[in-house]
Amino acid sequence: MKNFIHELQWRGMIHDVMPGTEDQLTKEITSGYIGFDPTADSLHIGHLVQIMTLVHFQRCGHRPVALVGGATGMVGDPSGKSAERNLLSEEILQHNVTCVRKQLERFLDFSGNGGAVMVNNYDWFKEFKFLDFIRDVGKHITVSYMMSKDSVKKRLESEAGLSFTEFTYQLVQGYDFYWLYENANCKLQMGGSDQWGNIVTGTELIRRKANGNAFALTTKLITKADGTKFGKTEGGNVWLDAKKTSPYKFYQYWLNVSDEDAPNFIRIFSLKTKEEIEALEAEHKEAPQLRKLQKSLAEDITTRVHGTELLKKAQETTDILFGSSFEDFKKLSGDEIEDAFDESITFRLTGQIFDSAVDAVSLLGEKTPVYTSKGEARKAIQGNGVSINKQKISIERKLTREDLLFGKYLLAQKGKKNYYLIIMD
């Protein structure tokens, strides 16, 4: 077995480890779990740190358990939240659980007796009566112990406050760990650093209720060098579901990672060895403009999430959009064109605008916010810095319906890298 702790350490992933954890993992093959709350019908890249933790855990010879929280999803974890989440119906939660399971199966090997295991805590909570829970579980954990958790303290001090429902979350999660300890010989729970309080509540419940010895490990929360939130774009979350975030946008997210973040991200989100990553870093340092680190990262994670065919399509779309030929751009379908542009750089026009010729200055500086004013648009065009459909335009250029691809799309570009999609609805 490879040393799991050492593997996470050189990848820069570890935040806290309970004493004795490394000895346990060195001593024997160990089952360890991470929970995923199915609050949506897809995971997003914010979940990838925990997914990759389970992947590395399995590759080091241990048995990962992925807990999909059909029950805890009905409660809502207050950790890291400033307000209480909306509670979902049982029907919606079960649909979400099914979708999340399919996504996790792309990362973990569930085959064979020693393969990964997937469980749903709704299975053991659905018949658990409230009186039985407070008698059999609640009596083992004191209120002062629960109040000492940072997640509880922060919410109590906030304007939103903390409901009894959320306050009990750590007991519910703690019981998950106890149930898996008793029924699946699971001795380790892992999660993000904001989960430390909930996780150690589980180890404490196991100690008090089962006289057992269980362990905890947390990973660092991802921060970006520029201070912006990891996993977010102007359009919102970057989802693993291709219907929510197109493979092109997914690929572009990783391709546009900064040089400062790329060495960190490729250690966390790829399966490359230390030697392979260091070699890539050396190549990147010699020619940073080629973005070899980012390309390798984007290829690795897009392949794992979407497969080789959709990776290839995302790369082809990238080449077309950032190439110089409008003939190549015309090879894309309408859906592919719209998928390639976030809402923030997509402008929709209605009415009879193109029934007669429209001058480019008015279109870009008045009818759409490509430029803040007609004056700014005029200045940019006069400076030869504006292209329509991959061709530089002059101040006299008039646009008609004949310029619309598929009778609908117009590609505007200012400078070298700023593209905008104008759609005639």
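You'll find the structure just up there.
Rules and cut-offs
- Residues numbered from 1 in each chain as written.
- Predicted model: local features only at pLDDT ≥ 70, side-chain atom pairs only at ≥ 80, totals over all residues.
- Heavy atoms only, no water.
- Helix = DSSP H or I, 4+ residues; strand = E, 2+ residues; numbered from the N terminus.
- Buried < 20%, exposed > 50% of the residue type's maximum accessible area, 1.4 Å probe, protein only.
- Areas by Shrake-Rupley, 256 points an atom, 1.4 Å probe, with all protein chains shown as cover.
- Lys, Arg positive; Asp, Glu negative; His and termini not counted.
- Charge placed at Lys NZ, Arg CZ, Asp CG, Glu CD.
- Contact = heavy atoms within 4.5 Å.
- Axes fitted to C-alpha atoms, helices over the stretch in contact; angles between N-to-C directions.
- Parallel < 35°, antiparallel > 145°, perpendicular 65-115°, else oblique.
- Nonpolar A, V, L, I, M, F, W, Y, C, P; charged D, E, K, R; others polar.
- Pairing = 2+ DSSP bridges.
- Salt bridge = Lys/Arg side-chain N within 4 Å of Asp/Glu carboxyl O.
- Polar contact = N/O pair within 3.5 Å; in protein donor to acceptor, adjacent residues only side chain to side chain.
- Core = buried A, V, L, I, M, F, W, Y, C linked by side-chain atoms within 4.5 Å.
- Phe/Tyr/Trp six-rings, centres within 6.5 Å; stacked < 30°, edge-to-face > 60°.
- Lys NZ or Arg CZ within 6 Å of the ring centre and 35° of its normal.

Comments concerning the overall build of the protein chain
- Summing up its helical and strand segments, the protein chain has 20 helices and 15 strands in all.
- Counting only C-alpha atoms and orienting by the principal axes, one finds that the protein chain spans roughly 85 × 50 × 40 Å.
- Expressed as a percentage of its 425 residues, the buried residues of the protein chain come to 51%.
- Total accessible area computed for the protein chain in this model is approximately 20500 Å², and 48% of it derives from carbon and sulfur atoms.
- When the 55 basic and 58 acidic side-chain charges of the protein chain are each reduced to a single mean position, those positions are 1 Å apart.

Considering the environment of Ala 377
- Here Ala 377 shows up in helix α20 (residues 374-382).
- Taking relative accessible area as the criterion, Ala 377 reaches 0% and is therefore assigned buried.
- Linking Ala 377 and Lys 244, residues 133 residues apart in sequence, is a C-alpha distance of 34 Å.
- Look past the residues within four positions of Ala 377 in its chain and what remains in contact with it is Val 361, Leu 364, Gly 365 and Tyr 371.

Overview of the packing of helix α12 (residues 247-255) against helix α16 (residues 308-321)
- Running from amino to carboxyl end, α12 crosses α16 at an angle of 75 degrees, the nearest separation of the two axes being 9 Å. By the angle between their axes, α12 is roughly perpendicular relative to α16. Listed contacts from α16 to Pro 247, Tyr 248, Tyr 251, Gln 252 and Leu 255 of α12 are Leu 310, Leu 311, Ala 314, Gln 315, Thr 317, Thr 318 and Leu 321.
- Residue composition of the contact of α12 with α16, grouped by class: eight nonpolar, four polar and no charged.

Comments concerning the sheet that holds strand β3 (residues 63-68)
- Spatially, the six strands line up as an open sheet ordered β1-β6-β5-β2-β3-β4, and their pairing is mixed. Bordering the open sheet on either side are β1 (14-17) and β4 (117-120), each of which pairs with just one other strand. Averaged over all pairs of adjacent strands, the angle between their axes in this sheet comes to 25 degrees, without regard to strand direction.
- Here strand β5 (residues 186-192) runs beside strand β6 (residues 215-219); their pairing, made up of five bridges, is parallel. Bridge pairing links Met 190 to Leu 217 in β6.
- Against the sheet, helix α11 (residues 196-210) engages β1, β5 and β6, with an angle of about 170 degrees to β6.

With respect to the pattern of salt bridges
- Going through the model one piece at a time under the given rule, you end up with 20 salt bridges.
- Between Glu 7 and Lys 2 there is a salt bridge, with its nearest N and O atoms 3.3 Å apart.
- Classification of Lys 2 by relative accessible area gives partly exposed; the value is 45%.
- A single network of salt bridges, built from pairs that share partners, joins Glu 338, Arg 348, Lys 408 and Asp 425.

Focus on helix α13 (residues 262-269)
- Across the eight residues of α13, six count as buried, placing the element largely inside the fold.
- By the burial criterion, the buried members of α13 are Ala 262, Phe 265, Ile 266, Arg 267, Ile 268 and Phe 269.

With respect to the environment of Ser 42
- With respect to the helices, strands and loops of the structure, Ser 42 is situated in the loop between β2 (31-36) and α3 (48-59).
- Take Ser 42: its relative accessible area is 3%, and that puts it in the buried class.
- A sequence separation of 60 residues divides Ser 42 from Lys 102, and the C-alpha atoms of the two residues are 9.4 Å apart.
- Those residues within four positions of Ser 42 in sequence are excluded, and the remaining contacts are Gln 103, Trp 239, Leu 240, Asp 241 and Lys 244.
- A polar contact is formed between the side chain of Ser 42 and the backbone nitrogen of Asp 241, at a distance of 3.2 Å.

Quick word on the nonpolar core
- Trp 254 and Phe 269 are the most contacted members of the largest nonpolar core, which has 55 residues in total.
- Element by element, the count of residues in this core is highest for α3, at seven residues.
- Sequence-distant contacts of Phe 269, defined by excluding residues within four places in its chain, comprise Leu 48, Val 49, Met 52, Ile 222, Phe 230, Trp 254, Leu 297, Asp 300, Ile 301 and Arg 304.
- Ranked by size, the runner-up nonpolar core spans 30 residues in total, among them Tyr 33, Val 65, Val 172 and Tyr 178.

Details of the packing of aromatic side chains
- Enumeration according to the criterion identifies 22 aromatic pairs in this entry.
- Consider the rings of Trp 124 and Trp 179, whose centres lie 4.0 Å apart with planes at 15 degrees: the pair is stacked. Of this pair, Trp 124 sits in helix α5 (residues 122-125) while Trp 179 is found in helix α10 (residues 169-184), placing the two residues 55 residues apart along the sequence.
- Taking the centre distance of 5.6 Å and the plane angle of 25 degrees together, the rings of Phe 326 and Phe 329 count as stacked. Here Phe 326 pairs with Phe 329, and both are found in helix α17 (residues 326-329), just three residues apart, close to one helical turn.
- Phe 326 sits in the buried class, given a relative accessible area of 17%.
- Taken together, the ring pairs in this structure connect Phe 230, Phe 250, Tyr 253, Trp 254, Phe 265 and Phe 269 into an aromatic cluster.
- Positioned over the ring face of Trp 239 is Lys 244, at 5.2 Å from the centre of the ring.
- Over the face of the ring belonging to Tyr 371 we find Lys 414, whose NZ or CZ atom lies 4.8 Å from the ring centre.

Description of unusual backbone geometry
- With a phi angle near 50 degrees, Asn 185 is a residue other than glycine that sits in the positive phi range.
- Structurally, Asn 185 can be placed in the loop between α10 and β5.
- Positive phi is not limited to glycine here, since Asn 211 has a value of about 55 degrees.
- According to the relative accessible area criterion, Asn 211 is exposed, its value standing at 70%.

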